[in-house]
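Descriptive structure summary
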Amino acid sequence: MDVLYFAWVRERIGLPREKVTTDAATVADLVNELRAREERYAVAFEDLSALRVALDQELSDFDAPLAGVREVAFFPPMTGG
């Protein structure tokens, strides 16, 4: 699946997107896999309350299942302005 990173998440990880092969059942499981990769992922995902996630371009939750999902995007909360 494609994993996209936006704003400071992208800056901390150093990539705008990557292809990830995973057996993760939920977004939270995927995050745990990514955290275990290396320090930059651990730093980016250390506070999930500061992140939002979209699955196939629809806002979702970290406990959402990944079955059939083609794209996961992580980004900070959006503000108006």
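We now turn to the structure provided with this report. (Residues numbered from 1 in each chain as written. Predicted model: local features only at pLDDT ≥ 70, side-chain atom pairs only at ≥ 80, totals over all residues. Heavy atoms only, no water.)

**Quick notes on the overall build of the protein**
In terms of regular secondary structure, the protein is built from three helices and five strands. Scanning the protein from its N terminus toward the C terminus, one meets helices and strands in the order β-α-β-α-α-β-β-β. What you see for the protein is a C-alpha radius of gyration of 12 Å, in line with the 12 Å of a compact globule of 81 residues. By its C-alpha atoms, the protein is 35 × 30 × 20 Å across when sized along the principal axes. Looking at the protein as a whole, 40% of its 81 residues qualify as buried. In the protein, the proportion of contacts linking residues at least 24 apart, taken out of those at least 6 apart, comes to 50%. Element-wise, carbon and sulfur atoms account for 49% of the exposed surface of the protein, whose accessible area totals about 4900 Å². Across the protein, the 9 positively charged side chains and the 15 negatively charged ones have centroids separated by 5 Å. (Helix = DSSP H or I, 4+ residues; strand = E, 2+ residues; numbered from the N terminus. Rg over C-alpha atoms; globule rule 2.2 N^0.38 Å. Buried < 20%, exposed > 50% of the residue type's maximum accessible area, 1.4 Å probe, protein only. Contact = heavy atoms within 4.5 Å. Areas by Shrake-Rupley, 256 points an atom, 1.4 Å probe, with all protein chains shown as cover. Lys, Arg positive; Asp, Glu negative; His and termini not counted. Charge placed at Lys NZ, Arg CZ, Asp CG, Glu CD.)

**Regarding the sheet that holds strand 5 (residues 71–75)**
If you trace the five strands from one edge of the open sheet to the other, you get 2-1-5-3-4, paired in mixed fashion. Pairing within the sheet leaves two strands with one partner each, and these edge strands are strand 2 (17–19) and strand 4 (58–60). Pairs of neighbouring strands in the sheet enclose a mean axial angle of 25°, with direction left out of account. Relative to the sheet, helix 2 (residues 27–37) contacts strand 1 (2–5), strand 2, strand 3 (52–55) and strand 5, its axis offset from that of strand 5 by approximately 70°. (Pairing = 2+ DSSP bridges. Axes fitted to C-alpha atoms, helices over the stretch in contact; angles between N-to-C directions.)

**Details of the nonpolar core**
For soluble globular proteins, nonpolar side chains are generally found buried alongside one another. Counting 22 residues, the largest nonpolar core has Tyr 5, Val 27, Leu 30, Phe 45 and Phe 74 as the members making the most contacts within it. Breaking this core down by element, the ones donating at least two residues are strand 1, helix 1 (8–13), helix 2, helix 3 (39–44), strand 3 and strand 5. If one sorts the elements of this core by residue count, helix 2 sits on top with four residues. Once you skip the residues sitting within four places of it in the chain, Phe 45 turns out to touch Tyr 5, Ile 13, Val 31, Leu 34, Arg 35, Leu 51 and Phe 74. (Core = buried A, V, L, I, M, F, W, Y, C linked by side-chain atoms within 4.5 Å.)

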